[in-house]
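Residue strings, one per chain:
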Amino acid sequence: MKLDRVIAVRNNKTVYRDGDRAIKVFNAEYSKADVLNEALNQARIEETGLNIPKILEVTMIDGKWAIVSEFIKGKTLAQLMEENPDKKEEYIEFLVDLQMSVHAKTAPLLNKLKDKMNRKISQTELDATTRYDLHTRLESMPKHNKVCHGDFNPSNIIVTDDGTPYILDWSHATQGNASADVARTYLLFWLNGDINGAEFYLNTFCKKSDTAKQYVQKWMPIVAASQSVKGNEREREFLMSWVGVVDYQ
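Please read these numbers as outputs of a predicted model, since none were measured by experiment.

**Here's the deal with the nonpolar core**
Right, on to step 1. Counting 53 residues, the largest nonpolar core has Trp170, Tyr201 and Trp219 as the members making the most contacts within it.
Right, on to step 2. Examining the composition of this core, we find that eight residues originate from one element, helix 6 (residues 178-191), more than from any other.
Right, on to step 3. Look past the residues within four positions of Trp170 in its chain and what remains in contact with it is Asn41, Gln42, Ile45, Leu50, Ile52, Val102, Val147 and His149.
Right, on to step 4. Judged by nonpolar contacts, the second largest core, of six residues, contains Tyr16, Val25, Ile61 and Ala66.

**Some points on the packing of aromatic side chains**
Right, on to step 1. All told, the structure shown has seven aromatic pairs when counted by the stated rule.
Right, on to step 2. An angle of 90° between the planes, with centres 5.9 Å apart, marks the rings of Tyr186 and Trp242 as edge-to-face. A residue pair is termed long-range when its members are at least 10 positions apart, and Tyr186 in helix 6 and Trp242 in helix 9 (residues 233-243) qualify at 56 residues. Taken individually, Tyr186 and Trp242 each receive the classification buried, so the pair is uniform in this respect.
Right, on to step 3. These aromatic residues form a ring-pair network of at least three members: Tyr186, Trp190, Phe238 and Trp242.

**Details of the environment of Val25**
Right, on to step 1. Of note, Val25 is situated in strand 3 (residues 21-26).
Right, on to step 2. In this structure Val25 comes out as buried when scored by relative accessible area, which is 8%.
Right, on to step 3. A C-alpha to C-alpha distance of 6.1 Å links Val25 and Trp65, two positions 40 residues apart in sequence.
Right, on to step 4. Beyond its immediate chain neighbours, meaning those up to four positions away, Val25 contacts Leu3, Asn12, Lys13, Thr14, Tyr16, Ile61, Lys64, Trp65 and Ala66.

**A look at the layout of surface pockets**
Right, on to step 1. If you add up the space inside the second largest pocket, you get close to 160 Å³.
Right, on to step 2. Counting only elements with at least two residues in the lining of the second largest pocket, the list comes to helix 3 (88-103), helix 6 and helix 7 (195-209).
Right, on to step 3. Partitioning the lining of the second largest pocket into residue classes produces five nonpolar, six polar and one charged.

**A look at the pairing of strand 4 (residues 55-61)**
Each regular strand carries side chains that alternate between the two faces of the sheet.
Right, on to step 1. For strand 4 and strand 5 (residues 64-70), the ladder comprises six bridges, and the chain directions are antiparallel. By the bridge assignment for strand 5, Glu57 is matched with Val68.
Right, on to step 2. The hairpin turn running from strand 4 into strand 5, its antiparallel successor, is two residues long, and Asp62 in that turn takes a positive phi close to 50°.

What counts and what doesn't
Residues numbered from 1 in each chain as written. Predicted model: local features only at pLDDT ≥ 70, side-chain atom pairs only at ≥ 80, totals over all residues. Heavy atoms only, no water. Core = buried A, V, L, I, M, F, W, Y, C linked by side-chain atoms within 4.5 Å. Buried < 20%, exposed > 50% of the residue type's maximum accessible area, 1.4 Å probe, protein only. Helix = DSSP H or I, 4+ residues; strand = E, 2+ residues; numbered from the N terminus. Contact = heavy atoms within 4.5 Å. Phe/Tyr/Trp six-rings, centres within 6.5 Å; stacked < 30°, edge-to-face > 60°. 1 Å grid on protein atoms, 1.4 Å probe; cavity = no way out; pocket = protein on both sides within 12 Å on 5 of 7 lines; lining within 4 Å. Points joined across faces, edges and corners; volume = space filled by probe spheres on them. Nonpolar A, V, L, I, M, F, W, Y, C, P; charged D, E, K, R; others polar. Pairing = 2+ DSSP bridges.

Next up, the structure:
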């Protein structure tokens, strides 16, 4: 296995290409349970029939855990947006259609979104009153069992030369309410500084899926709080600014 061609570097992992295989190598201190959970998520999503890189093996390389998957040749949707700014809205519509195809699937053995969010809210540095409010709001939201990606954004979509999209990175996948997944994508556009893109994305999703915008917005403080336990200081500050937004008109 050759690890001489780096294709992506993240906070605690590096992705290499070796021929027709992509090798995601995690840092030595990365949780074994989290690596195995990510591999299991990916295998379960494969079974839904969605277009994703197939997992080939989970192994150890120089004392570090690694997940080996198919290498998909193409450009990310983020790259295409950057190269063709005039087509940005078209690409966002494509993103929405793809996300809706994910939400149309079920995978009964995935972790439940509400369980994960409750756990994350408990881990925040928010005061007890705010945490109680968020837990209560989360419990009041309708329970669904749709596949939710958890980090659905243009950089996690690879489009091949023939236009076939593949969805990457299933480490955050859960089953639950699709509107929570949409709130997460909306906030990711904001985090990336693309407020116009965020608004166009949300309007497009709500129109195509016949979902009330206010319904997605009710998820935003909950999603922001649950995401605030990871990321850098700037991201945490931004997400915390959403937590105090009680209701939208």
